[in-house]
Amino acid sequence: MSGEQRLRMAMLADTARFRPDDPDELVEAAFACPICLHADRVRREAALDSYDPWCECHCPACDERWRVYLAPQQALRLSVLHH
Ligand SMILES: [Zn+2]
């Protein structure tokens, strides 16, 4: 496996990088598209009730899908995020 492939896999199954007390903008930014870096058009489908919460993301502009794993506190934070 090349280093580039490893990097790509790491991007496609990321762990969310925000703190539960971060403002909404930073929480949104944690789900930004890895290609175009836009967060506003990303569609999120979250499975926050599962034992290992995650959020599946889809950027319609790039047709890119990726999954972000969440700590329980992050899942709670995401569930109260504005829409
Ligand atoms: Zn994109």
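Residues numbered from 1 in each chain as written. Predicted model: local features only at pLDDT ≥ 70, side-chain atom pairs only at ≥ 80, totals over all residues. Heavy atoms only, no water.

Caption draft 1: Fine view of the pairing of strand β4 (residues 64–69). Of the two faces of β4, the one holding E64, W66 and V68 is buried and the one holding R65, R67 and Y69 is not buried anywhere. In this sheet, β4 lies alongside strand β1 (residues 13–15) in parallel orientation, the contact comprising 3 bridges. Across the sheet, A13 pairs through a bridge with R67, a residue of β4. Strand direction decides the pairing type here: strand β3 (residues 54–59) and β4, joined by 6 bridges, are antiparallel. Within β4, the position partnered with C55 by the bridge is V68. (Buried < 20%, exposed > 50% of the residue type's maximum accessible area, 1.4 Å probe, protein only. Helix = DSSP H or I, 4+ residues; strand = E, 2+ residues; numbered from the N terminus. Pairing = 2+ DSSP bridges.)

Caption draft 2: Structural detail: the layout of surface pockets. Estimates place the volume of the largest pocket at around 170 Å³. Forming the walls of the largest pocket are 13 residues, and the residues nearest its centre are D14, R17, A29, A30 and A32. Among the secondary structure elements, those contributing two or more residues to the lining of the largest pocket are β1 and β4. Residue classes in the lining of the largest pocket are distributed as 10 nonpolar, 1 polar and 2 charged. (1 Å grid on protein atoms, 1.4 Å probe; cavity = no way out; pocket = protein on both sides within 12 Å on 5 of 7 lines; lining within 4 Å. Points joined across faces, edges and corners; volume = space filled by probe spheres on them. Nonpolar A, V, L, I, M, F, W, Y, C, P; charged D, E, K, R; others polar.)

That is the geometry; function is a separate question.
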